[in-house]
Amino acid sequence: MQHFPIFLNVHDTRIVLSGGGEAALAKLRLLLKTEANIDVFAATPAQEIVRWAEDGRLRLFRRAVNNGDISGTALFYAADENAAEDARTAAIARREGALVNIVDNLQDSVFITPAIVDRDPVMIAIGTEGAAPVLARAIKADLEARLSPSLGILARIGKAFRPVAERLPSGLKRRNFWSDFYFGAGPRALEAAGVEGVEAALDDLLASHLALEPRQGRVDFVGAGPGDPELLTLKARKALDQADVIIHDRLVSREVLELARREAVFFDVGKEGFGPSTSQEAINALIVEHAANGAHVVRLKSGDPTVFGRLDEEIEAVAAAGVDWRIVPGITAASAAVAAIGQSLTQRGRNSSFRILTGHDVQGFAEHDWSGLARQGAVTAIYMGKKSARFVQGRLMMYGAAADAPVTIVENASQPGQRVYATDLDGLALAMADVSGPALTFIGLSPRRAMVAVENLNPKEIAL
Ligand code: SAH
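My aim in this report is to walk through the structure given alongside it, one point at a time. (Residues numbered from 1 in each chain as written. Predicted model: local features only at pLDDT ≥ 70, side-chain atom pairs only at ≥ 80, totals over all residues. Heavy atoms only, no water.)

**Description of the overall build of the protein chain**
- The helix and strand tally for the protein chain stands at 15 helices and 19 strands.
- Here the C-alpha radius of gyration of the protein chain, 31 Å, is well above what a compact globule of 464 residues would show, namely 23 Å.
- In the protein chain, buried positions account for 44% of the 464 residues.
- Nonlocal contacts in the protein chain, meaning residues at least 24 apart in sequence, comprise 63% of its contacts between residues at least 6 apart.
- A total of about 24800 Å² of accessible surface is found on the protein chain, and carbon and sulfur atoms cover 53% of it.
- Averaging the positions of the 50 positive and the 57 negative side-chain charges in the protein chain gives two centres separated by 2 Å. (Helix = DSSP H or I, 4+ residues; strand = E, 2+ residues; numbered from the N terminus. Rg over C-alpha atoms; globule rule 2.2 N^0.38 Å. Buried < 20%, exposed > 50% of the residue type's maximum accessible area, 1.4 Å probe, protein only. Contact = heavy atoms within 4.5 Å. Areas by Shrake-Rupley, 256 points an atom, 1.4 Å probe, with all protein chains shown as cover. Lys, Arg positive; Asp, Glu negative; His and termini not counted. Charge placed at Lys NZ, Arg CZ, Asp CG, Glu CD.)

**A look at the packing of helix α5 (residues 151-165) against helix α6 (residues 172-210)**
- The geometry of α5 relative to α6 is characterised by a closest axis approach of 11 Å and an angle of 120° between their N-to-C directions. When the axes of α5 and α6 are compared, the pair comes out oblique. At the point where α5 passes α6, the crossing takes the right-handed sense.
- Of the residues that constitute the contact of α5 with α6, the class distribution is 17 nonpolar, 2 polar and 4 charged. (Axes fitted to C-alpha atoms, helices over the stretch in contact; angles between N-to-C directions. Parallel < 35°, antiparallel > 145°, perpendicular 65-115°, else oblique. Left-handed = near helix turned anticlockwise from the far one by under 90°. Nonpolar A, V, L, I, M, F, W, Y, C, P; charged D, E, K, R; others polar.)

**Let's talk about a nonpolar patch on the surface**
- Where nonpolar side chains cluster on the molecular surface, the patch consists of Met1, Phe4, Ile6 and Leu8 and spans about 540 Å² of accessible area.
- Within the secondary structure, methionine 1 is located in the segment before β1 (14-18). (Patch = residues over 30% accessible without salt bridge, like charges linked within 9 Å, V, L, I, M, F, W, Y side chains within 5 Å. Salt bridge = Lys/Arg side-chain N within 4 Å of Asp/Glu carboxyl O.)

**Focus on the site of the ligand**
- What surrounds the ligand is a group of 18 residues, the closest being Asp304, Val307, Thr332, Ala413 and Ala439.
- Serine 302 is positioned with one of its backbone polar atoms (N or O) 2.8 Å from a nitrogen atom of the ligand.
- Here aspartate 304 contributes a backbone N or O atom positioned 2.8 Å from an oxygen atom of the ligand.
- In the complex, 92% of the free accessible area of the ligand, which totals 540 Å², lies under the protein chains.
- Residue-level mapping places the shell around the ligand at the junction of two domains, with at least three residues from each of domain 3 (218-331) and domain 4 (334-462). (Near = heavy atom within 4 Å. Polar contact = N/O pair within 3.5 Å; in protein donor to acceptor, adjacent residues only side chain to side chain. Domains from an automatic or database assignment.)

**A word on α6**
- For α6, built from 39 residues, the straight-helix expectation of 57 Å at 1.5 Å per residue is missed by more than 12%, its first-to-last C-alpha distance being only 13 Å.
- The sharpest bend along α6 comes to roughly 140°, located at alanine 193. (Expected span 1.5 Å × (residues − 1). Bend = angle between axes of the 7 residues up to and from the residue.)

**Some details on the side chain of arginine 261**
- Position of arginine 261 relative to the elements: it lies in the loop between α8 (254-258) and β10 (265-268).
- Among the polar contacts listed, one links the side chain of arginine 261 to the backbone oxygen of glutamine 242, at a separation of 3.4 Å.
- Excluding its chain neighbours within four sequence positions, the residues that come into contact with arginine 261 are Arg175, Leu240, Asp241, Gln242, Ala243, Asp244 and Phe266.

This is the structure we're talking about:
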């Protein structure tokens, strides 16, 4: 982030602009919306600028900027559309202590003006650090269409009501009140009865919230999917939007956490296979503690919460405390990994069932029905299979699996660092040595030939 977005209070401060042409006009249309005092220097100003000056909306000086003109100025815009003149006026402005923007000259500007969606007092500023103005415009158009023009009115009425709403205790209760106002009672009342209707609705809503029983906490066990935030379900997104407390695993991606409500409190209770960990008991206690305090807790687990997630232990703890809960399913790693290699988990004539298993469990390496797994055509998805790769390889061979049975490892499925290792059972342990991220191992599947993203490395050859 080279440019840090802030909202500057320009009430009664001075903003100076040099220039009288198209670029100046474009900037002035924005600046005139502010409560700043605007001075324009232009030897030959456009008609519109002259009119604004006559209307008293800005002061016009029909000459070029000189030394001493900029002192006491917060912001200066060099908008003469002439590189030499812009450099000259900008140098004066800098010397005299103003922050300088030169129109269409990112490099020499100390600030840039974002694309703005204006629902005063709600302001959305969009910037791309000069990288993609087209993108900024597209985002602006999208938001303009999406945000009702009445949003500003509601926010202004809401702002005036804030001191009254302080009768509700701060935190959750007050947030619920505002959320009900902005997304329910407010827009409804505005449509039905205009501004006065909204004011009456606020009073009613406050009365009903003051009468409410303390809110019941609840727990959503939510699948965060394999990492790509676009693979979240809409239900998961909603839960993340509304959560007061988010308790997440180490594997939940940063991109997914970014989508969660800013005010939520986050706990990382990451567990690493064989590594340091928060104990399951401590996690259970943390969930119950917050839910019992009335919080909406989102217990966010990578992939699907019902797959190797120790979900039942957490549900039992929550249910024993009498707290409401539900499960929001997610896309499990095996689904993302098999998509990455362009295959399907079942196939007519090849396998009518597939197995999901873990390379290790709490006791160590896990035992399975090895002879079933070793059968030709069997498809198995192995989770947490890094440390146990050699063990699994040994067991399968011992039970008669072919050394050249196809094996594919998908690392960081659905994430930017996704890698596919195509090998065979004989090469499994060796291939795994290269894997550092979370990885899903398929026994009995190879990537579809046509896929291009595959690193077709043969670990055996590399080793020799
Ligand atoms: N509930 C999760 C699994 C948790 S166990 C799910 O449904 O996906 C953790 C294991 O999942 C990891 O050791 C790894 O084997 C697998 N895993 C999770 N995310 C992965 C990803 N993006 N790519 C590959 N494997 C992943």
